[in-house]
Amino acid sequence: MWLHARRSWNVSANKSRILNKQFSRLGILFVISAPSGAGKTTLVDALKQTGEFVYSVSCTTRPPREGEIEGVDYFFLSNAQFVERMNAGEFLEYAQVHGHYYGTWRDNVVSNLKDGRDVLIDIDTQGAANVRTYQDEFIRQALADVFIMPPNLEELRRRLTKRGTETTEEIERRLGRAGQEMKRWKDYRYTIISRSSEEDLQKFRHIVEAERYLSRRLIEN
Ligand code: 5GP
């Protein structure tokens, strides 16, 4: 199992990003999780704008919110379409969140990582747990998981109310779930305690830099 994974890691080396004559590296799979309202969307939007990451657009059975665009925010699927893909093993991970399915398409993620591109996925804590224990060593090696911790539940309530996209009932439901998710921070390699969006971005960038220097990500050409 290990030998096989090691072999596929090396085989992909010739495709990966060339750093100089001697070294290249495979892509990093950055997983971001945070309770809704923790500032993750702002952070993810800022990271998308850097052009340094391939953002993996998830599939969901949740109906689109106003302003959301098919193929940009999500691929919006019916329950039947989602289950069909799930049964065909097309997802790297999937989970049920707030009563809807959410999942990450595997092939696109894997091919980008093998080409040396860093991939960003925004998934819940169950999804992150599934990636951490994913069967393929290649994925586990690529993973760098980051939890965005809201300062406290009151601040989260304030942010969710200000956002104004959910009903009071939905806000309470999300806060209940946020409390549960916040207990999972220790499972992540990194935790950013959310402050201003600028600070969060700066901290995330430090993590990215460090991850890119990890010896085990380098391949000798
Ligand atoms: P929202 O409906 O607010 O866009 O997202 C709700 C939750 O679903 C968020 O915590 C978000 O991170 C999570 N989510 C979005 N896409 C995926 C995915 O592909 N897989 C998993 N497991 N969670 C996802």
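See the structure printed just above.
Analysis parameters
Residues numbered from 1 in each chain as written. Predicted model: local features only at pLDDT ≥ 70, side-chain atom pairs only at ≥ 80, totals over all residues. Heavy atoms only, no water. Core = buried A, V, L, I, M, F, W, Y, C linked by side-chain atoms within 4.5 Å. Buried < 20%, exposed > 50% of the residue type's maximum accessible area, 1.4 Å probe, protein only. Helix = DSSP H or I, 4+ residues; strand = E, 2+ residues; numbered from the N terminus. Contact = heavy atoms within 4.5 Å. Phe/Tyr/Trp six-rings, centres within 6.5 Å; stacked < 30°, edge-to-face > 60°. Lys NZ or Arg CZ within 6 Å of the ring centre and 35° of its normal. Pairing = 2+ DSSP bridges. Axes fitted to C-alpha atoms, helices over the stretch in contact; angles between N-to-C directions. Left-handed = near helix turned anticlockwise from the far one by under 90°. Nonpolar A, V, L, I, M, F, W, Y, C, P; charged D, E, K, R; others polar. Salt bridge = Lys/Arg side-chain N within 4 Å of Asp/Glu carboxyl O. Parallel < 35°, antiparallel > 145°, perpendicular 65-115°, else oblique. 1 Å grid on protein atoms, 1.4 Å probe; cavity = no way out; pocket = protein on both sides within 12 Å on 5 of 7 lines; lining within 4 Å. Points joined across faces, edges and corners; volume = space filled by probe spheres on them.

(A) Fine view of the nonpolar core. Phe30, Ile32, Leu47, Leu120, Ile148 and Phe204 are the most contacted members of the largest nonpolar core, which totals 24 residues. Of all the secondary structure elements, the ones that give two or more residues to this core are strand E3 (29-33), helix H2 (40-50), strand E4 (53-55), strand E10 (143-149), helix H7 (153-163), helix H8 (168-182) and helix H9 (197-212). When neighbours within four sequence positions are excluded, Phe204 is seen to be in contact with Phe30, Ile32, Leu43, Leu47, Leu120, Val146 and Ile192. By size, the runner-up hydrophobic cluster in this structure holds 22 residues, among which are Val109, Leu113, Ile123 and Phe147.

(B) Region of the structure containing the packing of aromatic side chains. If you walk through the whole model with that rule in mind, you get ten aromatic pairs. Summarising the aromatic geometry, the rings of Phe147 and Tyr188 are spaced 5.2 Å apart at their centres and angled 55° between planes, so their arrangement reads as tilted. Of this pair, Phe147 sits in strand E10 while Tyr188 is found in the loop between H8 and strand E11 (190-193), placing the two residues 41 residues apart along the sequence. No difference in accessibility class separates Phe147 from Tyr188, as the two residues are buried. An aromatic cluster of at least three residues, connected via ring pairs, comprises Phe75, Phe82, Phe91, Tyr94, Tyr101 and Trp105. For the cation-ring pair, Lys114 lies above Phe138, with the distance from its terminal atom to the ring centre recorded as 5.1 Å. Here Arg132 stacks its cationic end above the ring of Tyr188, 4.5 Å away from the centre of that ring.

(C) Spotlight on the pairing of strand E8 (residues 100-105). As paired elements, strand E5 (residues 59-60) and E8 share two bridges and run antiparallel to each other. Following the sheet pairing, Cys59 is matched in E8 by Gly103. Bridging between strand E7 (residues 91-97) and E8 involves six bridges; their strand directions are antiparallel. Following the sheet pairing, Gln96 is matched in E8 by Tyr101.

(D) Structural detail: the packing of H7 against H8. Packing of H7 against H8 leaves a shortest axis separation of 10 Å and a crossing angle of 140°. The crossing of H7 and H8 is right-handed. Of H8, the residues touching H7 (which contributes Leu153, Leu156, Arg157, Leu160, Thr161 and Arg163) are Ile171, Glu172, Arg174, Leu175, Ala178, Gly179 and Met182. Residue classes in the contact of H7 with H8 are distributed as seven nonpolar, two polar and four charged.

(E) Focus on the pattern of salt bridges. As enumerated under the stated definition, the model contains 25 salt bridges in all. Here Asp122 ties to Lys40 by a salt bridge, and the two come within 2.9 Å at their closest N and O atoms. With Asp122 in strand E9 (residues 118-122) and Lys40 in helix H2, this residue pair connects regions lying 82 residues apart in the sequence. Put simply, Glu166 and Arg65 hold a salt bridge, and the shortest N to O gap is 3.6 Å. With Glu166 in the loop between H7 and H8 and Arg65 in the loop between E5 and strand E6 (75-76), this pair connects stretches of sequence that are 101 residues apart. The class of Arg65 is partly exposed, set by a relative accessible area of 28%. Each of Arg25, Glu52, Asp118, Arg205 and Arg212 takes part in a single network of salt bridges with overlapping partners.

(F) Highlighting the packing of H2 against H9. Relative orientation of the contacting elements H2 and H9 amounts to 55°, with a least axis distance of 10 Å. Here H9 runs oblique to H2, going by the angle between their axes. Two packed elements cross with a definite hand, and for H2 against H9 that hand is right-handed. Facing Thr42, Leu43, Ala46, Leu47 and Thr50 of H2, the residues of H9 in contact are Ser197, Asp200, Leu201, Phe204 and Arg205. Of the residues in the contact of H2 with H9, the class split is five nonpolar, three polar and two charged.

(G) Structural view of the layout of surface pockets. Taken as a whole, the largest pocket holds about 1100 Å³ of empty space. Surrounding the largest pocket, 47 residues form its lining, Lys40, Thr41, Arg65, Asp122 and Arg163 being those nearest its centre. No other element matches the six residues that H2 contributes to the lining of the largest pocket. Residues that form the lining of the largest pocket fall into these classes: twelve nonpolar, 14 polar and 21 charged.

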